[in-house]
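# Structural overview
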Amino acid sequence: SNNIVVAIDGYSSCGKSTLAKALAKKLHFIYVDSGAMYRAVALYFLRNNIDLTNHEQIADALNNIHLNFHSRDYKTHITLNDEEVSDEIRQMHVADKVSTIAAIHEVRVAMVKQQQRMGKSKNIIMDGRDIGTVVFPNAQVKLFMTADPKIRAERRYKELLPTNPEITLEEIFDNLAHRDYQDTTRKESPLTRAEDAIILDNTDLSPDEQLLFALSHIE
Ligand code: C5P
């Protein structure tokens, strides 16, 4: 097929989804937030007390999980078995567990399969940790995003504070650092830059500047 895939990977809270959404809007591509899928799986595992050492339970759980995206207004709306969970998956109880659950082999196999299906015939932009390396190694455009960890924590803090007045900057900083550690050191498809990915450090870049940078590499 001759559809175009743009893969965006990088550390936690680097602004991947902000850039991906802006690009999708500009190019009229479909945007897929792969992190939301892992978060929804984590939410299901938490709610159902899945024993992470029990492979049978994990396989059963994955068979019972049905995820769907609804792209209204380029916001990610994800449903878990027809329940809208877009807000709940952003909460700290999910953020605290998601990287552990995303490191499980069966979880990755199931998600990658669904992700590859979504990119089969449509022009899409997908962001995550292993999109340019594992999910779409042949993506025409690959970006690898990074930014100063303090700036990243501050951005996420501002985002979460309105709905989580109790949250602290320190708690968020620690969560990001911990997830980055887990995501880069896990055995299966660790976060790493694909050799052909363009590095985008957005510490000092506005969203518009990032969009222009990305577009200049897509033309
Ligand atoms: O992108 P986001 O921060 O929402 O992702 C949440 C978590 O999901 C990441 O910290 C990572 O553990 C996992 N993830 C992954 N592979 C992806 C996307 C996300 O392992 N492609």
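As the structure is a computational prediction, the values presented were derived from the model and not from experiment.

### A few points about the UniProt feature "binding site: ATP" (unreviewed entry) in the protein chain
As annotated in UniProt, the feature "binding site: ATP" (unreviewed entry) corresponds to Gly10, Tyr11, Ser12, Ser13, Cys14, Gly15, Lys16, Ser17 and Thr18 in the numbering used here. The residue Tyr11 is located in the loop between β1 (5-10) and α1 (16-27) in this model. Setting aside residues no more than four positions away along its own chain, Tyr11 makes contact with Thr146 and Asp180. Assignment of secondary structure puts Gly15 in the loop between β1 and α1. If near-sequence neighbours (up to four positions away) are discounted, Gly15 is found in contact with Met145, Ala147, Asn202 and Gln210.

### Remarks on the sheet that holds strand β8 (residues 198-201)
Strands belonging to one sheet form pairs held by backbone hydrogen bonds; the direction of such a pair is parallel or antiparallel. Strand order in the open sheet formed by five strands is β2-β6-β1-β7-β8, with parallel pairing between adjacent strands. Of all strands in the sheet, those bounded by a partner on one side alone are β2 (30-33) and β8. On average, each strand axis in the sheet is tilted by 20° relative to the strand beside it, whichever way the strands run. The sheet contact formed by β1 and strand β6 (residues 124-128) spans five bridges and is parallel. Looking across to β6, one finds that Val5 is bridged to Ile124. This element, α1, spans β1, β2, β6 and β7 (141-146) of the sheet and lies at about 180° to β6.

### As for the environment of Leu200
Residue placement: Leu200 occurs in strand β8. Exposure remark for Leu200: the 21 C-beta atoms within 10 Å place this residue in the buried category. Considered as a pair, Leu200 and Met145 are 55 residues apart in the sequence and their alpha carbons are 4.8 Å apart. Excluding residues that lie within four positions of it along the chain, Leu200 makes contacts with Leu143, Phe144, Met145, Gln210 and Phe213.

### A short note on the pairing of β7
Within a regular strand, side chains alternate between the sheet's two faces. By the bridge criterion, five bridges tie β1 to β7 in an arrangement that is parallel. Among the inter-strand pairings, Asp9 is bridged to a residue of β7, identified as Phe144. Of the pairings in the sheet, the one linking β7 to β8 comprises four bridges and is parallel in character. In the strand pairing of β8, Thr146 is matched with Asp201.

About the criteria used
- Residues numbered from 1 in each chain as written.
- Predicted model: local features only at pLDDT ≥ 70, side-chain atom pairs only at ≥ 80, totals over all residues.
- UniProt positions renumbered as here; feature names shortened; annotations may be inferred.
- Helix = DSSP H or I, 4+ residues; strand = E, 2+ residues; numbered from the N terminus.
- Contact = placed C-beta atoms within 7 Å.
- Pairing = 2+ DSSP bridges.
- Axes fitted to C-alpha atoms, helices over the stretch in contact; angles between N-to-C directions.
- Buried ≥ 20, exposed ≤ 12 C-beta atoms within 10 Å, placed from the backbone.

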